[in-house]
Amino acid sequence: MLRRLFVQAFRNLSTGVLNFESSRGAYIVGDNNQGKTSVLESIYYLANFKSFLRKTTRETVITHRAKSSVIGGEFQNNSHLYQRYIKLEPRKQWVFQNQDLLTTHAEAHTQLGVDYISADTIRLLYDSPSFRRHQLDVCVQKLDPGMRLVYRHYDRVIQQKLESARYGREWPDVYHQKWQELGTQITNKRQTVLAQLDSRLQPLVGRFIQLSGSKTRIQYRPTVPDLYTQSSPTDAYRVGPHMDDWGIYSNDQLVSQYYSRGINRILALLMVSLCIQYTKPDGQTHMVLLDDPFIELDSANKSAIMRYLWDEFYCIYTTTEHADSKAQLPDLDQLYIQDGCIHRHL
């Protein structure tokens, strides 16, 4: 869990120290453009040494006209207490842990686990197949780092096929066989991971009234059922793991097509949280940053998904809603932010 956060010249946040007291997490209430997401970003940066926002550079997180930025924190993982500070300059960053300069970040990544969930999480079910493949493959490679090499080799084989088609060259049989072998390995691994996630999803859907009693399942959707049945290499770049998809079905209907955005949001949140839970190292206290992800949910479903997330993780939640936060989350640190400055009381 996070015990203390320090920021200096980070985004629009005021310089200061924030103490966390609750063992379950915190919620931060504030209007738009006050710095809620910046607080989450600083915590994420402290754990992962990068931002969760795409195309973000060190220059963009350092406060305008400041030469450098500092993020610091004290966190507990099992019985160990760590202090970590990161100094950011436009072209370089330094990471100190327990007063030692870290030259490698591999071990530090396992000590403080932090993931970010935003309102955009619903994209998991509404976006393109390539987006869903990528999210699934991230999960596969976290569980089995050796698969990274398999994916790289498969991508090279597909690139060779595309070049052969572009220049009218025949694709050698050895490449076709490699495509079948690597592609089958990726497909089998994806299906294994989805089967594990499906078994974890089943007990959870009953918590939600609209899904209670329904037959909800995760299903892999391959372009061809067996790559070894593809005797001709002609269409190898049109079928295979690089073109496959997966989806969530309820009563044999694809939820992204036949169910409301609220139901899709619930299932997307469950899927993302299950992936985090499934891939986190054993014994690690994992923190989840929730950037107002419960929009479109009615009060009953919102309460149910909140209870599940706080039962499984240490969560820090940002929202614009003042009314129901204290009622739904009474045992969390209650914080308020205005103009980049965080207070414990309004």
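For the structure itself, consult the block above.
None of the values given here were measured: they were computed from a predicted structure.

**Student:** Describe the overall build of the chain, naming the residues involved and giving the relevant values.
**Tutor:** When helices and strands are tallied, the chain shows eleven helices and 15 strands. When the backbone C-alpha atoms are referred to their principal axes, the chain occupies close to 70 × 50 × 35 Å. Looking at the chain residue by residue over its 346 residues, the buried ones come to 49%. Within the structure as shown, the chain displays about 17300 Å² of accessible surface, and the carbon and sulfur contribution to it stands at 47%.

**Student:** Explain the sheet that holds strand E11 (residues 253–254) to me, and be specific about the residues and the numbers.
**Tutor:** Reading across the sheet, the three strands line up as E9-E10-E11 and stay open at both edges, with antiparallel pairing between neighbours. Two strands in the sheet have a free side with no partner beyond their single neighbour: strand E9 (216–221) and E11. Where E9 meets strand E10 (residues 245–250), six bridges bridge the pair, whose relative direction is antiparallel. When the bridges of E10 are listed, Arg221 appears paired with Asp245. On top of the sheet, helix H5 (residues 129–143) reaches E9 and E10; it is set at about 95 degrees to E10, its chief contact.

**Student:** How would you explain the pattern of salt bridges if you had to name every residue and give the values?
**Tutor:** Tallying each qualifying case throughout the model produces 16 salt bridges. Arg4 is the salt-bridge partner of Glu74, the closest N and O atoms lying 3.2 Å from each other. Here Glu74 is found in strand E4 (residues 69–77), whereas its partner Arg4 is found in strand E1 (residues 2–8), with 70 residues between them in sequence. Here Glu74 falls in the buried class, since its relative accessible area comes to 12%. Linking Asp144 and Lys189 is a salt bridge whose minimum nitrogen-to-oxygen distance equals 3.3 Å. Here Asp144, found in the loop between H5 and helix H6 (147–166), pairs with Lys189, found in helix H7 (residues 173–205); they are 45 residues apart in sequence, far enough to count as distant.

**Student:** I'd like a rundown of the sheet that holds strand E5 (residues 80–89), residues and numbers included.
**Tutor:** Ordered in space as E2-E1-E4-E5-E6-E7, the six strands form an open sheet in which the pairing is antiparallel. Two strands close off the open sheet at either side, each with one partner strand: strand E2 (16–19) and strand E7 (100–101). When E5 meets strand E6 (residues 92–97), the two strands line up antiparallel, connected through six bridges. Paired with Ile86 across the two strands is Val95, which belongs to E6. Running over the sheet, helix H1 (residues 36–48) touches E1, E4, E5 and E6 and is turned about 105 degrees from E1.

**Student:** Which residues make up the packing of helix H9 (residues 261–279) against helix H10 (residues 299–312), and what values do they have?
**Tutor:** The geometry of H9 relative to H10 is characterised by a closest axis approach of 11 Å and an angle of 5 degrees between their N-to-C directions. On the basis of the axis angle, H9 is roughly parallel to H10. Across the interface between the two elements, Ile266, Leu269, Leu270, Ser273, Leu274 and Gln277 of H9 pack against Asn301, Ile305, Tyr308, Leu309 and Glu312 of H10. By residue class, the composition of the contact of H9 with H10 is seven nonpolar, three polar and one charged.

**Student:** Any chance you could break down the packing of H6 against H7 for me, citing the residues and the numbers?
**Tutor:** Two elements in contact, H6 and H7, have axes whose closest approach is 9 Å; the angle formed by their N-to-C orientations is 140 degrees. One element, H6, and the other, H7, form an angle in the oblique class. The handedness of the crossing between H6 and H7 is left-handed. Counting all contacts with H6, which are made through Met147, Val150, Tyr151, His153, Tyr154, Val157, Ile158 and Gln160, the residues of H7 involved are Tyr175, Lys178, Trp179, Leu182, Gly183, Gln185, Ile186, Lys189 and Arg190. Across the contact of H6 with H7, the residue classes tally to ten nonpolar, four polar and three charged.

**Student:** Break down the packing of aromatic side chains for me, with residues and values.
**Tutor:** Summed over all chains, the structure comprises six aromatic pairs. Note on Phe10 and Tyr45: the rings are 6.5 Å apart at their centroids and 80 degrees apart in plane angle, and the pair reads as edge-to-face. Here the residue Phe10 occupies a position in the loop between E1 and E2, and Tyr45 occupies one in helix H1, the gap between them amounting to 35 residues. Accessibility classification places Phe10 together with Tyr45 in one group, the buried group. Where Trp310 meets Tyr317, the ring centres are 6.0 Å apart and the plane angle is 75 degrees; that geometry is what we call edge-to-face. When its relative accessible area of 5% is taken as the criterion, Trp310 is described as buried. Residue class for Tyr317 comes out buried when judged on its relative accessible area of 1%. The rings of Tyr44, Phe52 and Tyr116 are connected pair by pair, giving a single aromatic cluster. Above the ring of Trp94, the side-chain terminus of Lys87 is found at 5.9 Å from the ring centroid.

The rules behind these values
- Residues numbered from 1 in each chain as written.
- Predicted model: local features only at pLDDT ≥ 70, side-chain atom pairs only at ≥ 80, totals over all residues.
- Heavy atoms only, no water.
- Helix = DSSP H or I, 4+ residues; strand = E, 2+ residues; numbered from the N terminus.
- Buried < 20%, exposed > 50% of the residue type's maximum accessible area, 1.4 Å probe, protein only.
- Areas by Shrake-Rupley, 256 points an atom, 1.4 Å probe, with all protein chains shown as cover.
- Pairing = 2+ DSSP bridges.
- Contact = heavy atoms within 4.5 Å.
- Axes fitted to C-alpha atoms, helices over the stretch in contact; angles between N-to-C directions.
- Salt bridge = Lys/Arg side-chain N within 4 Å of Asp/Glu carboxyl O.
- Parallel < 35°, antiparallel > 145°, perpendicular 65-115°, else oblique.
- Nonpolar A, V, L, I, M, F, W, Y, C, P; charged D, E, K, R; others polar.
- Left-handed = near helix turned anticlockwise from the far one by under 90°.
- Phe/Tyr/Trp six-rings, centres within 6.5 Å; stacked < 30°, edge-to-face > 60°.
- Lys NZ or Arg CZ within 6 Å of the ring centre and 35° of its normal.

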